[in-house]
Amino acid sequence: MNKKSLIVTIGICIGIALILYFGTSISIGGGIN
Amino acid sequence: MNISICILTALILAYFFSDIIKKYSLQLYIITGTISIIAIVHTIFILNGYRVEYISGLGKFMDLIDSGAMGGALFIIVMYMGVLDMKQKVSKKLRMNRAEISILACIVTIPHNIHYFFEFLINSHNLGEMKGLSLWSNLMMFASGVFAVAIMIPLFVTSFQYFRKKMKGKEWKTLQEFAYIFYAMIYIQVMNVFIVRPNSFDRNFNLVIYSVIFLSYTVFRIVKLFRMKRMRAA
């Protein structure tokens, strides 16, 4: 994997992580029975 | 219904982006791994009594990972690649990425495995209150799941070119034959998941679709085996 490709991959991963971070709400109460 | 959507989407992507999947397989593993790690973190929150909610669209996507539908769909595609007629252009295009798709399937299935393995252990005290079909289906679900994961891990590791090159061809082929037991375990698990659910269109549809997929695969595989034996004998 070349440098440019690695940077793009890391960028996509950060983008996904941000979408999942801001698109998720975690609160107490719920979960398993 | 989820499984049909996943299979169709994965098939379209695997066919039209076969060259991209081949070229950027490592990048795809990293991106899929990132999503899986986040899904595992969310699973840890859920197992610790937190409620994890997503914005619309994202919720459906994460549910497909958590329910195992996405991983299952990819495994079904990998499974059918073994019985495809290699003379067809479609088969050739799909089969060129068999190892890559099976690695992606394993990565995307790990959050599902972790979630339901620990949920079963945490809820195991409820087993004493269960009777009949409910008890047996829960036990079968767990046992087939654990067995499937135990087979999946070595298959996952040896799907990488690096480890594959370190093995003798015959050794690798023998190990890969365990995939048939793995597929059988997936079928047993899925049947047990849906058979205990209340009668509904979704439950019946899933029971029928999974049975059609796995039983027709078995027929295709047996037919291929006999055809190969006949060719060798000729």
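Residues numbered from 1 in each chain as written. Chains lettered and ligands numbered in written order. Predicted model: local features only at pLDDT ≥ 70, side-chain atom pairs only at ≥ 80, totals over all residues. Heavy atoms only, no water.

Please give an account of the overall build of chain B that cites residues and values.
From N to C terminus, chain B includes twelve helices and one strand. Ordered by position from the N terminus, the helices and strands of chain B form the series α-α-α-β-α-α-α-α-α-α-α-α-α. The C-alpha radius of gyration computed for chain B amounts to 19 Å, which stays within 12% of the reference 17 Å derived for 234 residues, consistent with globular compactness. When the backbone C-alpha atoms are referred to their principal axes, chain B occupies close to 60 × 40 × 35 Å. Here chain B, with 234 residues, has 42% of them falling under the buried criterion. Relative to all contacts within chain B whose residues are 6 or more apart in sequence, the contacts with residues 24 or more apart total 73%. Looking at chain B as shown, the accessible area adds up to about 13,600 Å², and 70% of this sits on carbon and sulfur atoms. For chain B, the distance from the average site of its 25 positive side-chain charges to the average site of its 11 negative ones is 15 Å. (Helix = DSSP H or I, 4+ residues; strand = E, 2+ residues; numbered from the N terminus. Rg over C-alpha atoms; globule rule 2.2 N^0.38 Å. Buried < 20%, exposed > 50% of the residue type's maximum accessible area, 1.4 Å probe, protein only. Contact = heavy atoms within 4.5 Å. Areas by Shrake-Rupley, 256 points an atom, 1.4 Å probe, with all protein chains shown as cover. Lys, Arg positive; Asp, Glu negative; His and termini not counted. Charge placed at Lys NZ, Arg CZ, Asp CG, Glu CD.)

I'd like a rundown of the packing of helix H3 (residues 25-47) of chain B against helix H7 (residues 98-122) of chain B, residues and numbers included.
Residue and element names in this part refer to chain B. Two numbers describe how H3 lies on H7: the axes approach to 9 Å, and their chain directions differ by 10°. Viewed along their axes, H3 and H7 adopt a mutual orientation that is roughly parallel. Residues Ser25, Leu28, Tyr29, Thr32, Gly33, Ser36, Ala39, Ile40, Thr43, Ile46 and Leu47 of H3 pack against Glu100, Ile103, Leu104, Ile107, Val108, Ile110, Pro111, Ile114, His115, Phe118, Glu119 and Ile122 of H7. The class makeup of the residues in the contact of H3 with H7 is 15 nonpolar, six polar and two charged. (Axes fitted to C-alpha atoms, helices over the stretch in contact; angles between N-to-C directions. Parallel < 35°, antiparallel > 145°, perpendicular 65-115°, else oblique. Nonpolar A, V, L, I, M, F, W, Y, C, P; charged D, E, K, R; others polar.)

Can you break down the side chain of Ser102 of chain B residue by residue, with the values?
You can see Ser102 of chain B is positioned in helix H7. Setting aside its immediate chain neighbours within four residues, Ser102 of chain B contacts Phe75, Val78 and Ser159 of chain B.

Taken by themselves, the reported measurements are silent on function.
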